[in-house]
Amino acid sequence: LSEPSTVLAFNLGNGAVPVEPVKKDENSRRGNWGNQIEFVLTSVGYAVGLGNVWRFPYLCYRNGGGAFMFPYFIMLVFCGIPLFFLELSFGQFTSLGCLGVWKVSPMFKGVGYGMMVVSTYIGIYYNVVICIAFYYFFMSMTNLLPWTYCNNPWNTPDCTGVMGTPRTNATFANVSAVVSGLTEIVNRTKRTSPSEEYWRNYVLNVSDGIGNFGEVRLPILGCLAVSWIVVFLCLIRGVKSSGKVVYFTATFPYVVLTILFIRGITLEGAISGIKYYLTPQWEKILDAKVWGDAASQIFYSLGCAWGGLITMASYNKFHNNCFRDSIIISVTNCGTSVYAGFVIFSILGFMANHLGVDVSEVADHGPGLAFVAYPEALTLLPISPLWSLLFFFMLILLGLGTQFCLLETLVTAVVDEIGTDWIMKNKTYVTLGVAIVGFLLGVPLTTQAGIYWLLLMDNYAASFSLVVVSCIMCICIMYVYGHKNYFKDVEMMLGFPPPLFFRICWRYVSPFIITFILIFTVIQYKPITYNDYVYPRWSLVIGFAMALSSVICIPIYALFKIAMSEGSTFLERLKNSVKPDPDWGPALQEHRKGRYATAGPESVEVCPLKEELKDEGKEKLKEKEMEKKDEMGLTIPGSNGSTLNPTPSA
C-alpha cells in the first residue's frame, strides 16, 4: 500500500463501495495517541493538578493578592510557555521518552535519569495525597460529615466548632449567632477546629516526630491500594487507555469548579474574599520574593523537568503542531489556577465572615488547606455531604490526571531503554511492576509519621532538583547540540521555524530566569516545619540527599560516558561523548530527511527505494481496482436485503 499509516476498507451501507482510509498508528511499534484531543486533555490533566487548588491561592494572598498576578503572567510568558514548547518539541521530534531523547548528546543522559528520579519521588507521595482524598470521599457518604462537631472520641477540650454541638440545633440560618457567641473564646485561646482534629488525630493520628513511625493507618493503606489499582487500570494499555480516560478526568473537575463557583459567590461574605483576591497590594511588587514565588509556581505548575511532557509528546505524530498545543495547554493551566482562585476565595471569604477573622488568617497552604480549611467550610453549606463528595471527587480527578503521566513517564523510560520487541508487546507487565513498587514505597507514608515524610519529600525531592535539571537541559540543547541545529529540527518537524520570541527565550531569557530561581532558592532557604514541629537535623540531611539524588545522576553519568567514549585524550573523549548518537533524529525512516537522510548506513538505499515503492504501490492499487470492477463484479447486500451488482466502468 502507498501509506503505511492507512488501510483500505469497503463501506457496505446502501450498496456504496467507496474506498476509505482507516487511520492507524503512524509509529506502529510504539503507538500514538488516538487523536490530538487525547494528547491535549492528557497534558492539561498533567499540568492542572492539586497545586492549582491550594498552592496558587495561598501564594496570591501571601504575596499581595492581585499584585501577584503581574509577575505571575510575566513568568508565564517568558519562562513557562517557552519551556513547555521546548520539552514538547524535544519529545515529539524523536518519539522517545525522557531517557531516549538524550541521544542528542549522550553525555547528558544523566538529565533523563534525574527526571526519572524526580518523577519517582513525586509519584510516590502524590498518590498518597490522592488516597487521602479517596478516604475523605468515602467518609462523605453519610448524612452528617464526621468532622462537623466536637463530640467525637478523637476531639480535645480545645476543639471549638462553628456549628456548636448537635444539641444546639443550630441551622444554617443562625450559624452567625452561634459563632458570635464563640467570639470571646476564639479571641482568648487558639481555636482548634473539628476538621483539624479529625485530620490530625483521627485520619493521620500523627506521632510526636518524624522518627516515630508508630503504626500503619490501615484505612489510609487500603485507600492507597485503591488509588494505585485505579491508576494501573487506566494505564493498562498505555496511552490507548489513558487517552480515553482523560475525556472524563480532565474535564469533570471544571464542572465541579463551576458548581462550587456558582455556590461560592452566593454565600454571605464571599465578596470580601474575592475583593481580597483581586485587590493588588502594589507595595509588594518590588519584593524579590514575590517574583521568585511567581516563577516557581509557573515552573512547578506546568510540570517542566519532570519528564512527563517529553513522554506525552513522544506519542504524537511527527508533524503534529506542538507549538499550538503548548500555547493551549499552558494558558489553560494558568487560567484554571485563576479560576480556582475565585472559587476558593469566595469560600474563604465566607469562612472569614463567620469566624470573625481576616481572610488571610483563615487558610493554610499544602494539605492543611485541602483537608482542614475546605472540609470545615463544607460543613457550613446546606446538604454538606453532597458538596463534600463533589469537592473530594474533584481532588481525586485532579490528582489522577497528574499521576497518569508520572507513571507513564517511568514506564516509557524503561520500555524505551530496553527496546526489545518482547518488552514492547508486554508493556502492561512493566506498568504493573512499577505500580506495585510505587505502592510498597508509599506504605511508610501511611504510618503515623507519614505526613512528616510527605512534606519532606515535597519540599526537597521536587524543588531544587527541578530547577537544576531544567537549566542543564536548556544548556545542552541550545549550546552543546547547538541552537541552529535544533531550530532546523523544529522547522523540519512543524514546517516552520520556532518564532523569534521563543528562540530568544530558549537561548537567553529562560535560562536567566531559571538561574534566578536557583540562586534565590539558596539565598532564601529556611528549614521546613510542620505547624509547631521543627524537623531534626538528621531528617533535613535526608531531605537534601533526596534532592541531590536526582542532580547527582548528571555528573556521574557524564563521567561514565566520557570514560567509555573513544579517544586517546580526555578532550577527545569529551568531544565524542557530546556528539549526537548516529540514531538521533526522527524515529521513522520516512521522516529522516535532509542531514538525517545519511545518518545511518541503510538510509542512503532505503530512502530512494521507499519513494519508488510509493509510486509503484499507487499504480498497482489502481490496476487492482480496475480488475475487480471489470472481472469480478462485486455482489454487495443492500440495506433492504437485495443484492447490487455494480456495472463495470468503461
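Because the structure is predicted, anything quoted here is derived from the model rather than measured.

The subject of this paragraph is the overall build of the protein chain. Helices and strands together make up the secondary structure of the protein chain, namely 25 helices and 6 strands. In the protein chain, which comprises 650 residues, the proportion classed as buried is 53%. Considering only residue pairs separated by 6 or more positions, the protein chain has 79% of its internal contacts joining residues 24 or more positions apart. Only carbon and sulfur atoms are counted for the fraction: they give 64% of the accessible area of the protein chain, which is about 28500 Å².

As a further point, take the state of the cysteines. The final tally for this structure, using the stated rule, is 1 disulfide. The disulfide partner of Cys150 is Cys159, and the gap between their sulfur atoms is 1.9 Å. Because the sign of the S-S torsion sets the handedness, a value of about -65 degrees for the bond joining Cys150 and Cys159 places this disulfide among the left-handed ones.

Let us now look at the UniProt feature "binding site: Na(+)" (unreviewed entry) in the protein chain. Those places that UniProt annotates as "binding site: Na(+)" (unreviewed entry) correspond, in this numbering, to Gly45, Ala47, Val48, Asn52, Ser301, Asn333 and Leu398. For this annotated set, covering 354 residues, all C-alpha atoms fall within 12.4 Å of each other, a compact arrangement in space. Tracing the sequence through the fold places Val48 in the loop between helix H1 (36–47) and helix H2 (50–62). Dropping the residues within four chain positions of it, Val48 is found in contact with Tyr254, Asn333, Thr336, Leu398 and Thr402. Looking at the secondary structure, you find Ser301 in helix H12 (residues 288–302). Overall, Ser301 belongs to the buried group, its relative accessible area being 9%. Apart from residues lying up to four places away in sequence, Ser301 is in contact with Ala47, Asn52, Asn333 and Ser337.

The subject of this paragraph is the nonpolar core. Counting 183 residues, the largest nonpolar core has Tyr136, Phe371 and Tyr535 as the members making the most contacts within it. The element contributing the most residues to this core is helix H4 (residues 109–139), with 19 residues. Apart from the residues within four sequence positions on either side, Phe371 is in contact with Val129, Ile132, Ala133, Tyr136, Ser195, Trp199, Phe392 and Leu395.

A full pass over the atoms with the stated rule returns 57 aromatic pairs. Taken together, a centroid distance of 5.8 Å and an interplanar angle of 35 degrees make the contact between Phe137 and Phe393 tilted. Here Phe393 lies in helix H16 (residues 384–418) and Phe137 lies in helix H4, a separation of 256 residues in the sequence. Given the relative accessible area of 23%, Phe393 is considered partly exposed. A centroid spacing of 5.1 Å and a plane angle of 85 degrees characterise the contact between Tyr277 and Phe342, whose relative ring orientation is edge-to-face. Here the residue Tyr277 occupies a position in helix H11 (residues 270–278), and Phe342 occupies one in helix H14 (residues 322–355), the gap between them amounting to 65 residues.

When the charged atoms of two side chains with opposite charge come close together, those side chains can pair. Across all of its chains, the model carries 6 salt bridges by this definition. Note that Arg595 and Asp489 form a salt bridge whose closest N and O atoms lie 2.5 Å from each other. Of this pair, Arg595 sits in the loop between helix H24 (570–578) and helix H25 (603–632) while Asp489 sits in helix H20 (residues 464–494), placing them 106 residues apart in sequence. Taking relative accessible area as the criterion, Asp489 reaches 1% and is therefore assigned buried.

This next bit is on the environment of Phe261. Structurally, Phe261 is set in helix H10 (residues 252–265). The residues contacting Phe261, other than those within four sequence positions of it, are Tyr339, Phe342 and Val343.

Right, let's talk about the packing of H4 against helix H7 (residues 194–203) for a bit. One can describe the packing of H4 onto H7 by two numbers: an axis separation of 13 Å at closest approach and a directional angle of 110 degrees. Relative to H7, H4 is oriented roughly perpendicular. The hand of the H4/H7 crossing is right-handed. For the pair H4 and H7, the contacting residues are Ile132, Tyr135, Tyr136 and Met139 in the first and Tyr198, Trp199, Tyr202 and Val203 in the second. Of the residues in the contact of H4 with H7, the class split is 8 nonpolar, no polar and no charged.

Okay, the side chain of Lys427 next. For Lys427, the position within the fold is in helix H18 (residues 427–442). Discounting residues that sit within four places of it in the chain, Lys427 has contacts with Tyr315, Glu408, Val411, Thr412 and Val415.

The subject of this paragraph is the confidence of the model for the protein chain. For the protein chain, the mean per-residue pLDDT works out to 79, and 80% of the residues sit at or above 70. Here residues 627–650 is a poorly scored stretch, pLDDT under 50, and it has 28 contacts once near neighbours within four places are set aside; other chains count.

The geometry of H4 relative to helix H19 (residues 450–461) is characterised by a closest axis approach of 10 Å and an angle of 145 degrees between their N-to-C directions. Pair H4 / H19 crosses with left-handed handedness. Taken together, the residues of H19 that come into contact with H4 (itself represented by Val118, Tyr121, Ile124, Tyr125, Val128 and Val129) are Leu454, Met457, Asp458 and Ala461.

Before going further, it helps to examine the environment of Ile562. Examined against the element boundaries, Ile562 turns out to sit in helix H23 (residues 553–564). Sequence separation between Ile562 and Glu572 is 10 residues, and the spatial gap between their C-alpha atoms is 9.1 Å. Once residues within four sequence positions are removed from consideration, Ile562 is found in contact with Met107, Phe570, Arg573, Leu574 and Ser577.

Here the focus is a nonpolar patch on the surface. There is a patch of nonpolar side chains on the surface, built from Ile475, Tyr479, Val480, Leu500, Ile504 and Tyr508 and spanning about 550 Å² of accessible area. Sorting the residues of the nonpolar patch by element identifies H20 and helix H21 (500–523) as the ones contributing at least two each. With respect to the secondary-structure elements, Tyr508 resides in helix H21.

With that settled, consider unusual backbone geometry. A positive phi angle, close to 70 degrees, is found at Ala305, a residue other than glycine. Mapped onto the elements, Ala305 comes out in the loop between H12 and helix H13 (308–313). Look at Ala305 and you get buried, because its relative accessible area is 0%. Unusually for a residue other than glycine, Ile383 sits at a positive phi of about 50 degrees. Structurally, Ile383 can be placed in the loop between helix H15 (367–379) and H16.

If you check H12, its first and last C-alpha atoms are 22 Å apart, about what 15 residues at 1.5 Å a residue would give, namely 21 Å. Looking at the residues trailing H12, positive phi occurs at Gly303, about 80 degrees.

This brings us to the environment of Glu361. Following the sequence through the fold, Glu361 ends up in the loop between H14 and H15. Relative accessible area serves as the criterion here: at 58%, Glu361 is assigned to the exposed category.

How each quantity is defined
Residues numbered from 1 in each chain as written. Predicted model: local features only at pLDDT ≥ 70, side-chain atom pairs only at ≥ 80, totals over all residues. Heavy atoms only, no water. Helix = DSSP H or I, 4+ residues; strand = E, 2+ residues; numbered from the N terminus. Buried < 20%, exposed > 50% of the residue type's maximum accessible area, 1.4 Å probe, protein only. Contact = heavy atoms within 4.5 Å. Areas by Shrake-Rupley, 256 points an atom, 1.4 Å probe, with all protein chains shown as cover. Disulfide = S-S within 2.5 Å. UniProt positions renumbered as here; feature names shortened; annotations may be inferred. Core = buried A, V, L, I, M, F, W, Y, C linked by side-chain atoms within 4.5 Å. Phe/Tyr/Trp six-rings, centres within 6.5 Å; stacked < 30°, edge-to-face > 60°. Salt bridge = Lys/Arg side-chain N within 4 Å of Asp/Glu carboxyl O. Axes fitted to C-alpha atoms, helices over the stretch in contact; angles between N-to-C directions. Parallel < 35°, antiparallel > 145°, perpendicular 65-115°, else oblique. Left-handed = near helix turned anticlockwise from the far one by under 90°. Nonpolar A, V, L, I, M, F, W, Y, C, P; charged D, E, K, R; others polar. pLDDT = per-residue confidence, 0-100. Patch = residues over 30% accessible without salt bridge, like charges linked within 9 Å, V, L, I, M, F, W, Y side chains within 5 Å. Expected span 1.5 Å × (residues − 1).

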